[in-house]
Amino acid sequence: MPCYPGHFRRPSWLPWGVISAGSAEGWRASRRAALKGAVLLGAGATVGLTTVRRAGGLPADPFTLGVASGEPAPDGAVIWTRLAPRPLAEDGRGGMPDAVIDVEWEVAEDAGFASAVQRGVTAARPEAAHSVHVELVGLRPGAEYFYRFRAAGFLSPVGRTRTAPQPNSVPSQLTICAVSCANYEDGWFTAYRGVAAEQPDLVVELGDFIYEDGRGRRGAPVVRRHVGAEPAMTLGDYRLRYAQYRTDPDLQAAQAAAPWLVVFDDHEVANNWADETPAIPQPGFPERRAAALQAYYENMPLRSSAKPVGTSMQLYRRVPWGGLAMFHLLDTRQYRTDQPCNDKLGSDCAERFDAAASLTGVEQERWLLDGFAQSSSRWDLIAQQVLFAQLDLTPGPGRSVNPDAWDGYVAQRDRVVAALAGSPVRNAVILTGDIHSHCAAEIWQQFDDPFSRRVAVELVTTSIASGGDGSDTKPEIAAALPENPHIRYFSNRRGYLRAQITPAELRADFRTLPYVSQPGAPVQTGASFIVPDGDPVLLNV
Ligand SMILES: [Fe+2]
């Protein structure tokens, strides 16, 4: 086992396994050990050690929301948890006292924690809903690790994470799962259970992790009830919404199985919001947005660089996976210009060709195009929310679109396509969520010209639960597909996308569930495609 100065120490504590959760004696022993161990440990472990805190006295196990990790780098990742002994407490504070609580954390190379490599103590603060985000450093590249937390004598579940490969190394395979749209009321999170079973290297979450409104307002039968206010408006409301979602054991299993890369869409804040404009005009939207973003940060395994400032947070970013893949994670909500065509699904208007209309804002677009220009990756994966490909919803003559998607921002889409085509990007893959359907599309330089150049493929993952049980197709989409020959697959089933990426090809498996109205559905494969290196086409498997 290699030794990293300042981080690796032989275990000098009592093994965690011998300390019984909740035992006062065990806690005192571990508390002494924590202080002793933390003094011995390096920089990552010194947080808050000079402050004396009361750590005991929680009414029950505070680890009801599970654990998560994210933002893998070659030398580390973020590990996350949030303390909530009463997760459904109405005020969203999870039954926590208004006090700072010490949380110990431990990282090991094995799930049994026989070979711990790092330990430390961090502070769970009431102003962050007692969430903790530990940014690990000093780990080995391309390696699997296990982590857990301890607070007030209680042990958390164990999470598995990985570091990214060394820069410029080209690993032989990367397996990712992409997920989106998990409306708790619409069904069971069986698809998350399926993601956990895949043991992917990475999970990419493309938005609608929660829904701010419920009670059947989105049209599907209510399978499970949200608790709390509808819609969520205050910081307490959003905190409670995340807490309820995070009590789900299938969600917890998926979050504990692999590091996640997350980006939000609309329902983490409000339906179809665009910068300062929600779909439904309302007073106090800036305050609501600030509350929603604060709760999002508290509940996601993000780096402190994403911490909200006022009504904004820095969410768009790039995450490399050695020389094999580069993830460009987009934020298509905070900087977007208002949707054209009155944001009416199935409409058309001249405004959607407006050169100034933007899903990303000017600065993020420049950043994205710069990223393409500097690409040296085998695969560039653009992880974002709304459908990129043209989708004409009107069978026969005439055209109608979803103006909330890239079809509402055609000039910007043309700029992105032109930039991809003129860049060193070798393989562009767009990962999309939002539409509660699986969809596979080729991105043609001119969608209306079947002989035009193929510049990318788009893989749209369906919802985890939103929309309920679903169906193999939708009649209105089936009727419109002949208008859209670049779209190669569509399914209205729930599920997730699995992609296995090698230097030679990307294999996409659209995983589907026959139902979500009952728990325990089997996971099936609706369709599979190969994208060969150097040729952005979808080959049927
Ligand atoms: Fe959604």
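Residues numbered from 1 in each chain as written. Predicted model: local features only at pLDDT ≥ 70, side-chain atom pairs only at ≥ 80, totals over all residues. Heavy atoms only, no water.

Caption draft 1: Just helix 2 (residues 190-198), in detail. When you tally the buried positions in helix 2, you get seven out of nine residues, the bulk of the element. All of the buried residues along helix 2 are T190, A191, Y192, G194, V195, A196 and E198. If you follow the buried residues of helix 2, they end up packed against strand 9 (174-179), strand 10 (202-205), helix 4 (249-257), strand 11 (259-262), strand 19 (487-501) and strand 20 (505-513). Downstream of helix 2 by a residue or two, Q199 has a phi angle that is positive, lying close to 50°. (Buried < 20%, exposed > 50% of the residue type's maximum accessible area, 1.4 Å probe, protein only. Helix = DSSP H or I, 4+ residues; strand = E, 2+ residues; numbered from the N terminus. Contact = heavy atoms within 4.5 Å.)

Caption draft 2: Fine view of the pattern of salt bridges. Taken as a whole and judged by the stated rule, the model has 31 salt bridges. Of the charged contacts, one joins R498 and E198 as a salt bridge, the two residues approaching to 2.8 Å between their closest N and O atoms. With R498 in strand 19 and E198 in helix 2, this pair connects stretches of sequence that are 300 residues apart. Of the residues examined, R498 reaches a relative accessible area of 16% and is grouped as buried. On the accessibility criterion, E198 (18% relative accessible area) is buried. R378 is the partner of D533 in a salt bridge, and the nearest nitrogen-oxygen pair spans 3.3 Å. Here R378 lies in the loop between helix 6 (361-373) and strand 14 (379-383) and D533 lies in the loop between strand 21 (524-532) and strand 22 (539-540), a separation of 155 residues in the sequence. Owing to a relative accessible area of 23%, R378 belongs among the partly exposed residues under this scheme. (Salt bridge = Lys/Arg side-chain N within 4 Å of Asp/Glu carboxyl O.)

Caption draft 3: Quick look at the state of the cysteines. The tally for this structure, following the rule as stated, stands at one disulfide. Sulfur-sulfur distance for the disulfide between C341 and C349 comes to 2.1 Å. Every disulfide takes its handedness from the sign of the S-S torsion; for C341 and C349 that torsion is -80°, giving left-handed. For C341, a relative accessible area of 8% corresponds to the buried category. By relative accessible area, C349 is classed as buried at 17%. (Disulfide = S-S within 2.5 Å.)

Caption draft 4: Fine view of the packing of helix 2 against helix 4. Direction vectors running N to C along helix 2 and helix 4 enclose 25°, while the axes themselves pass 7 Å from each other. One way to sum up the angle between helix 2 and helix 4 is to call them roughly parallel. With respect to the hand of their crossing, helix 2 and helix 4 are arranged in left-handed fashion. Contacts between helix 2 and helix 4 involve T190, Y192, R193, V195 and A196 on the former and, on the latter, P249, D250, L251, A253, A254 and A257. (Axes fitted to C-alpha atoms, helices over the stretch in contact; angles between N-to-C directions. Parallel < 35°, antiparallel > 145°, perpendicular 65-115°, else oblique. Left-handed = near helix turned anticlockwise from the far one by under 90°.)

Caption draft 5: Representation of the nonpolar core within the structure. Core analysis: the biggest nonpolar cluster contains 78 residues, and Y192, F327 and L506 have the highest contact counts within it. It is helix 5 (residues 285-298) that provides the largest number of residues to this core, a total of seven residues. Ignoring any residue separated from it by four or fewer positions in sequence, one finds F327 in contact with L174, I176, L202, V204, L261, R317, R318, V319, W321 and L381. (Core = buried A, V, L, I, M, F, W, Y, C linked by side-chain atoms within 4.5 Å.)

Caption draft 6: Representation of the pairing of strand 1 (residues 67-73) within the structure. Among the seven residues that make up strand 1, seven are buried, leaving the element largely enclosed by the rest of the structure. Of the strand pairs in this sheet, strand 1 and strand 2 (residues 76-82) are connected by five bridges, and their pairing is antiparallel. Bridged to V67 within strand 2 is T81. What sits between strand 1 and strand 2 in their antiparallel hairpin is a turn of two residues. Here strand 1 pairs with strand 11 via two bridges, running parallel. Along strand 11, the bridge assignment pairs G70 with W260. (Pairing = 2+ DSSP bridges.)

Caption draft 7: Local environment of the side chain of R352. By the secondary structure assignment, R352 is in the loop between strand 13 (325-329) and helix 6. A polar contact is formed between the side chain of R352 and the backbone oxygen of D407, at a distance of 2.9 Å. Discounting residues that sit within four places of it in the chain, R352 has contacts with P340, C341, R399, V401, D407, G408, Y409, V410 and A411. (Polar contact = N/O pair within 3.5 Å; in protein donor to acceptor, adjacent residues only side chain to side chain.)

Caption draft 8: How the structure looks around the coordination of the iron ion. The protein atoms donating to the iron ion are C181 (SG), D208 (OD), Y211 (OH) and H436 (NE2), with metal-donor distances spanning 2.0 to 2.5 Å. Taken together, the four donor atoms coordinating the iron ion span angles of 86 to 171° at the metal, a pattern that classifies the geometry as irregular. All donor residues of the iron ion come from one chain, and their arrangement in sequence is C-x26-D-x2-Y-x224-H. With relative accessibility at 1%, the residue D208 sits in the buried group. Among the residues examined, Y211 registers a relative accessible area of 0% and is labelled buried. (Donors = N, O, S within 2.8 Å, 3.2 Å for Na, K, Ca; no water. Tetrahedral: all angles 85-135°; square planar, octahedral: opposite > 155°, others 65-115°.)

Caption draft 9: Representation of unusual backbone geometry. Here E230 and P231 are connected by a cis peptide whose omega angle stands at -10°. On the secondary structure map, P231 appears in the loop between strand 10 and helix 3 (235-246). Within the chain, F113 stands out as a residue other than glycine whose phi angle is a positive 60°. Checked against the element boundaries, F113 lands in the loop between strand 3 (101-108) and strand 4 (116-124). The exposure class of F113 is buried, given its relative accessible area of 7%. Phi is positive for D434, close to 75°, though the residue is something other than glycine. Counting through the fold element by element, D434 comes out in the loop between strand 15 (428-432) and strand 16 (438-444). Residue classification places D434 among the buried residues on the basis of a relative accessible area of 13%.

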